[in-house]
Amino acid sequence: MILELDCGNSFIKWRVLRPDGITPVEGGVVGSDDDLLASLNDAKKFQLEKCRLVSVRTQAETDSLVASLVDVFGVSVVRAMPAREMAGVRNGYEDYERLGLDRWLALLGGFHLASGACLVLDFGTAVTADFVAADGGHLGGFICPGMPLMRNQLRTHTRKIRYDDIAAERAHESLAPGRATVEAVERGCMLMLRGFVLTQLELAEQYWGKDFVVFLTGGDANLVSGVVPEARVVPDLVFVGLAMACPLS
Ligand SMILES: Nc1ncnc2c1ncn2[C@@H]1O[C@H](COP(=O)(O)OP(=O)(O)O)[C@@H](O)[C@H]1O
Ligand SMILES: CC(C)(COP(=O)(O)O)[C@@H](O)C(=O)NCCC(=O)O
Ligand SMILES: [K+]
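Presented here is a report on the structure given in the accompanying data block. (Residues numbered from 1 in each chain as written. Chains lettered and ligands numbered in written order. Predicted model: local features only at pLDDT ≥ 70, side-chain atom pairs only at ≥ 80, totals over all residues. Heavy atoms only, no water.)

### Quick word on the layout of surface pockets
Thought 1: Taken as a whole, the largest pocket encloses approximately 780 Å³ of empty space.
Thought 2: Lys 13, Asp 122, Gly 124, Gly 218 and Gly 219 are, among the 32 residues lining the largest pocket, the residues nearest its centre.
Thought 3: Taken together, the elements giving at least two residues each to the lining of the largest pocket come down to strand E2 (12–17), strand E3 (24–30), helix H3 (101–114), strand E8 (118–123), strand E9 (126–132) and helix H7 (237–245).
Thought 4: Each residue belonging to the lining of the largest pocket can be placed in one class, and the counts come to 11 nonpolar, 12 polar and nine charged. (1 Å grid on protein atoms, 1.4 Å probe; cavity = no way out; pocket = protein on both sides within 12 Å on 5 of 7 lines; lining within 4 Å. Points joined across faces, edges and corners; volume = space filled by probe spheres on them. Helix = DSSP H or I, 4+ residues; strand = E, 2+ residues; numbered from the N terminus. Nonpolar A, V, L, I, M, F, W, Y, C, P; charged D, E, K, R; others polar.)

### Here we look at the sheet that holds strand E1 (residues 2–7)
Thought 1: With mixed pairing, the five strands of this open sheet are ordered in space as E3-E2-E1-E4-E5. Each having just a single partner strand, E3 and strand E5 (76–79) make up the two edges of the open sheet. Neighbour-to-neighbour, the strand axes of this sheet turn through a mean angle of 15°, independent of strand direction.
Thought 2: In this structure, E2 lies alongside E3, joined through six bridges in antiparallel fashion. Residue pairing for E3: Val 16 is matched across the bridge by Glu 26. (Pairing = 2+ DSSP bridges. Axes fitted to C-alpha atoms, helices over the stretch in contact; angles between N-to-C directions.)

### Some thoughts on the packing of helix H4 (residues 147–157) against helix H6 (residues 181–208)
Thought 1: One way to put it is that H4 packs onto H6 with a least axis distance of 10 Å and a crossing angle of 140°. The angle between the axes of H4 and H6 places the two elements in the oblique class. Both H4 and H6 take part in a crossing whose hand is right-handed. Contacts from Met 147, Met 150, Arg 151 and Leu 154 of H4 reach H6 at Val 185, Glu 186, Cys 189, Met 190, Met 192 and Leu 193.
Thought 2: Here the residues of the contact of H4 with H6 sort into eight nonpolar, no polar and two charged. (Parallel < 35°, antiparallel > 145°, perpendicular 65-115°, else oblique. Left-handed = near helix turned anticlockwise from the far one by under 90°. Contact = heavy atoms within 4.5 Å.)

### Some remarks on the environment of Phe 123
Thought 1: The residue Phe 123 is located in strand E8 in this model.
Thought 2: Sequence separation between Phe 123 and Leu 175 is 52 residues, and the spatial gap between their C-alpha atoms is 19 Å.
Thought 3: Residues within four places of Phe 123 in sequence aside, it is in contact with Leu 193, Val 197, Leu 216, Thr 217, Gly 218, Gly 219, Asp 220, Ala 221 and Val 224.

### Re the packing of aromatic side chains
Thought 1: Counted under the stated rule, the structure contains six aromatic pairs.
Thought 2: Pairing Phe 131 with Phe 142 gives two aromatic rings, centres 6.2 Å apart and planes at 80°, and the pair type is edge-to-face. Residue Phe 131 is located in strand E9, and its partner Phe 142 is located in strand E10 (residues 138–145); the two are separated by 11 residues in the primary sequence.
Thought 3: Seen in terms of ring centroids, Tyr 207 and Trp 208 are 5.7 Å apart; in terms of plane orientation they differ by 35°. Their pairing is tilted.
Thought 4: On the basis of relative accessibility, which here comes to 46%, the residue Tyr 207 falls in the partly exposed class. (Phe/Tyr/Trp six-rings, centres within 6.5 Å; stacked < 30°, edge-to-face > 60°. Buried < 20%, exposed > 50% of the residue type's maximum accessible area, 1.4 Å probe, protein only.)

### Looking at the site of ligand 2
Thought 1: Around ligand 2 sit 14 residues in total, of which Tyr 93, Gly 100, Asp 102, Arg 103 and Ala 126 are the nearest.
Thought 2: Tyr 93 is positioned with one of its side-chain polar atoms (N or O) 2.6 Å from an oxygen atom of ligand 2.
Thought 3: A distance of 2.8 Å separates an oxygen atom of ligand 2 from a polar side-chain atom of Arg 103.
Thought 4: Sorting the residues of the shell around ligand 2 by element identifies H3 and E9 as the ones contributing at least two each. (Near = heavy atom within 4 Å. Polar contact = N/O pair within 3.5 Å; in protein donor to acceptor, adjacent residues only side chain to side chain.)

Here is the structure:
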């Protein structure tokens, strides 16, 4: 079977595909390399043969994970690499190697699924927006802090903003002005996220009118799906691009 990994700054997303490279068998989200190895070990049934992965972590961290995978499962590992051009898409960065590989794969996947202009919004540790024109030209994008970073900056850089996760979740029942700290912070950050999304939509409309597809991906995509009802929520968009960038012969 085939193991696919998307190593983000906070979490590793994994899934196992049948040898056909199409049919997903199982998957999950884990917080560390050890948790990943444990999840996969529990499932020795997988009989892993090949692995493809994308990482936005350091070279050393990624090397260490790859070494463990080879050691424990004996898999052959293919890593996504930066490219100037692939599958009809031209990387828009001045220095193409600097574009986050998760962004690159998500926009490859988005352009493929849209068969035309698209706006890819990824809600992870960071929130990213990327614009791809109908001719495959990547126009570039934007990066800002995601929900966990916004919330944690306020918690760690103020004296009096303190609350627990349960209160945070409850605060999201409405977007009315907060009458308690937790509501004020959680709803304020949520409105920043939504405002960011609406600004990206305006920009895409300036470029392409109504003729583009919006993709939402990343662990927190559901926080904003309500403001873009026309968007396609594709949690595995990075994996779509990963399969394109790393075909396993
Ligand atoms: N099963 C899950 N485990 C962990 N985080 C999750 C899960 N489902 C949704 N999330 C949300 O996803 C966010 C992380 O998104 P993700 O795309 O995995 O980030 P990154 O790629 O930067 O590691 C977290 O802030 C959390 O709110
Ligand atoms: C922007 C990112 C931090 C997003 O990472 P994530 O939130 O998915 O963990 C990552 O794509 C990255 O490290 N990019 C390199 C810088 C750039 O894209 O310009
Ligand atoms: K990501």
